[in-house]
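Breakdown of the fold
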Amino acid sequence: MELGILSLSDLQTDPATGKLRDPGARTREIVSYGVAADQAGLDVFALGEHHSPDFAVANPAVPLAAIAQATSNIRLTSAVSVLSTLDPVRLHQDFASLDLLSDGRAEIIAGRSAFLEAFALFGVDPADYDDVFAEKLDLLLAIRDNEHVTWTGRHRPALHDLPVPPRPQQEKLPLWLGVGGTPASAERAGRLGLPMVLGLIGGDLRSVRPLIEHYRAVGEAAGHAPDTLRLGLTSHFYVGKTSQDARRDLYPHYREYLRPKTPGGRGWLVGPDQFQAVASPFGALMTGSPQEVIEKILTERELLGVDRFMGQIDFGGMPHHMVNDSIELLATEVAPVIRKETKRR
């Protein structure tokens with residue numbers, strides 16, 4: 001089982017100035033987390049893509065390239081690349097370059113995004129949301145799988161036996177599909193035989209089991225080998241020395257991250273009771289002592305067949321020392337037990 005961390009690069013208001021944090025400092029901070037994760041022996045570092053002033057990173061390949069230069073083992077991936085608003089040619093070129101730079105450690109997690117800002121910015125009609133994604137995914141797969149590409153679609157000019165350089169160091173760039181919980185997205189991943197990453201934000205772990213079983217059933221019915229239908233899971237994450245310390249320290253940042261930032265905006269207010277519920281053994285939030293986190297990850301493994309877990313490690317203005325302490329505990333106290341237990345089982 002692979003273990004890693006995830007950042008979405010959110011910018012929170014600095015209490016001292018009342019302004020959003022400096023995006024340059026935030027980006028450099030994120031790079032340091034990727035380096036720390038590599039040094040600690042974690043398996044993967046993932047970085048999100050957003051196109052609003054509330055986030056620091058619009059092109060994950062750029063900070064991931066900086067991390068690549070300072071690391072040697074950790075795999076580097078987007079989470080997610082908003083494929084509906086990107087040119088698949090350019091996306092593949094960016095991550096093929098990252099793959100060459102990192103000596104074969106790059107991946108892509110492609111998704112549709114729940115945020116609409118990118119659609120206006122890149123001139124994509126939200127009414128074509130799913131059609132555009134399906135077509136661009138088809139092109140991205142064609143580029144990944146072929147040295148020369150011939151392809152025709154409705155939303156982008158055709159390609160006629162054209163190379164798309166550079167080619168990655170790996171034979172093919174690993175491509176996962178990021179899904180938010182809709183059956184149609186899970187069906188698409190299964191039908192194409194692509195590994196799937198499920199973003200678990202709220203609710204109960206047990207509630208997503210039918211979706212995952214459906215993904216695997218569709219994939220096997222389409223003729224894909226079960227071992228290709230890999231499952232990744234992401235959730236908000238913080239591990240502390242004790243359960244009490246973890247919950248006390250995390251709550252204000254979790255509440256800040258999820259609250260609506262403007263009147264009528266996205267998000268919701270999380271009270272103490274809701275926080276405790278989502279942090280319960282079957283809740284979506286991954287927090288607690290190292291032993292509590294170990295038990296929860298193993299529960300996800302047994303219940304859902306998770307192959308890769310990535311914790312969203314920095315959100316809601318969490319201070320640098322909290323994030324680094326959480327990375328260290330994940331790597332030194334949680335990961336060795338998870339690896340030993342999953343190998344044994």
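In what follows, the structure referred to is the one given above.
To keep things clear, this report deals only with the structure shown in the data block. Bear in mind the structure is a predicted one, so any value in this text is a computation, not a measurement.

**Quick word on the overall build of the protein chain**
Within the protein chain, the regular secondary structure consists of eleven helices and twelve strands. In terms of C-alpha radius of gyration, the protein chain reaches 20 Å, essentially the compact-globule figure of 20 Å for 345 residues. Taken across its 345 residues, the protein chain has 52% of its residues classed as buried. Here the contacts in the protein chain between residues at least 6 apart in sequence split such that 71% fall between residues at least 24 apart. When the accessible surface of the protein chain is summed, it comes to about 14,900 Å², and 54% of that surface belongs to carbon and sulfur atoms. Side chains of the protein chain give 35 positive and 44 negative charges; the mean places of these two sets differ by 2 Å.

**Brief notes about the side chain of Ser81**
Turning to its location among the elements, Ser81 is positioned in strand β4 (residues 81-82). Once residues lying within four places of it in the same chain are set aside, the contact partners of Ser81 are Glu49, Leu86, Leu91, Phe95, Ile108, Ile109, Ala110 and Gly111.

**Considering the layout of surface pockets**
When its volume is computed, the second largest pocket comes out at roughly 190 Å³. Lining the second largest pocket we find 13 residues, and of these Tyr238, Gly240, Lys241, Asp325 and Leu329 sit closest to its centre. Elements with a contribution of two residues or more to the lining of the second largest pocket: β10 (231-239), α8 (243-258) and α11 (320-344). With five residues, the single largest contributor to the lining of the second largest pocket is α11. Of the residues contributing to the lining of the second largest pocket, the split by class is five nonpolar, two polar and six charged.

**Some remarks on the packing of aromatic side chains**
Overall, the coordinates contain seven aromatic pairs when judged by the stated rule. When the ring of Tyr254 is compared with that of Phe315, the centres are 6.4 Å apart and the planes differ by 70°; the resulting orientation is edge-to-face. Within this pair, whereas Tyr254 is found in helix α8, its partner Phe315 is found in the loop between β12 (308-312) and α11, the two being separated by 61 residues in sequence. Tyr254 sits in the buried class, given a relative accessible area of 2%. Judged by its relative accessible area of 0%, Phe315 falls in the buried class. Here the basic side chain of Arg206 rests over the ring of Phe282, its NZ or CZ set 3.8 Å away from the ring centre.

**What to know about the environment of Ser243**
Mapped onto the elements of the fold, Ser243 is located in helix α8. Once the C-alpha coordinates of Ser243 and Thr287 are considered, the two residues, 44 residues apart in sequence, prove to be 7.6 Å apart. Once residues within four sequence positions are removed from consideration, Ser243 is found in contact with Gly288, Ser289 and Glu292. Looking at Ser243, its side chain comes within polar contact range of the side chain of Glu292, at 2.4 Å.

**A short note on unusual backbone geometry**
Residue Val80 is bonded to the preceding Ala79 through a cis peptide linkage, with omega at 5°. The residue Val80 is located in the loop between β3 (75-78) and β4 in this model. Geometrically, the link from Pro165 to Pro166 is a cis peptide bond, its omega value of -5° lying close to zero. Tracing the chain through its elements places Pro166 in the loop between β7 (159-163) and β8 (175-179). You will see that Ser9, though not glycine, has its phi angle at about 65°, which is positive. With respect to the element layout, Ser9 can be found in the loop between β1 (2-7) and α1 (23-40). Judged by its relative accessible area of 0%, Ser9 is buried. A positive phi is found at Asp103, a non-glycine position, where the angle reads about 65°. The residue Asp103 is located in the loop between α3 (88-101) and β5 (106-111) in this model. For Asp103, a relative accessible area of 56% translates into the label exposed.

**Things to note about the environment of Val306**
Positionally, Val306 belongs in the loop between α10 (290-304) and β12. A relative accessible area of 0% places Val306 in the buried class. In this structure the C-alpha to C-alpha distance between Val306 and Leu198, which are 108 residues apart in sequence, comes to 9.9 Å. If we ignore the near neighbours within four places in the chain, the residues touching Val306 are Met1, Leu231, Leu233, Glu300 and Arg301.

Procedures and definitions
Residues numbered from 1 in each chain as written. Predicted model: local features only at pLDDT ≥ 70, side-chain atom pairs only at ≥ 80, totals over all residues. Heavy atoms only, no water. Helix = DSSP H or I, 4+ residues; strand = E, 2+ residues; numbered from the N terminus. Rg over C-alpha atoms; globule rule 2.2 N^0.38 Å. Buried < 20%, exposed > 50% of the residue type's maximum accessible area, 1.4 Å probe, protein only. Contact = heavy atoms within 4.5 Å. Areas by Shrake-Rupley, 256 points an atom, 1.4 Å probe, with all protein chains shown as cover. Lys, Arg positive; Asp, Glu negative; His and termini not counted. Charge placed at Lys NZ, Arg CZ, Asp CG, Glu CD. 1 Å grid on protein atoms, 1.4 Å probe; cavity = no way out; pocket = protein on both sides within 12 Å on 5 of 7 lines; lining within 4 Å. Points joined across faces, edges and corners; volume = space filled by probe spheres on them. Nonpolar A, V, L, I, M, F, W, Y, C, P; charged D, E, K, R; others polar. Phe/Tyr/Trp six-rings, centres within 6.5 Å; stacked < 30°, edge-to-face > 60°. Lys NZ or Arg CZ within 6 Å of the ring centre and 35° of its normal. Polar contact = N/O pair within 3.5 Å; in protein donor to acceptor, adjacent residues only side chain to side chain.

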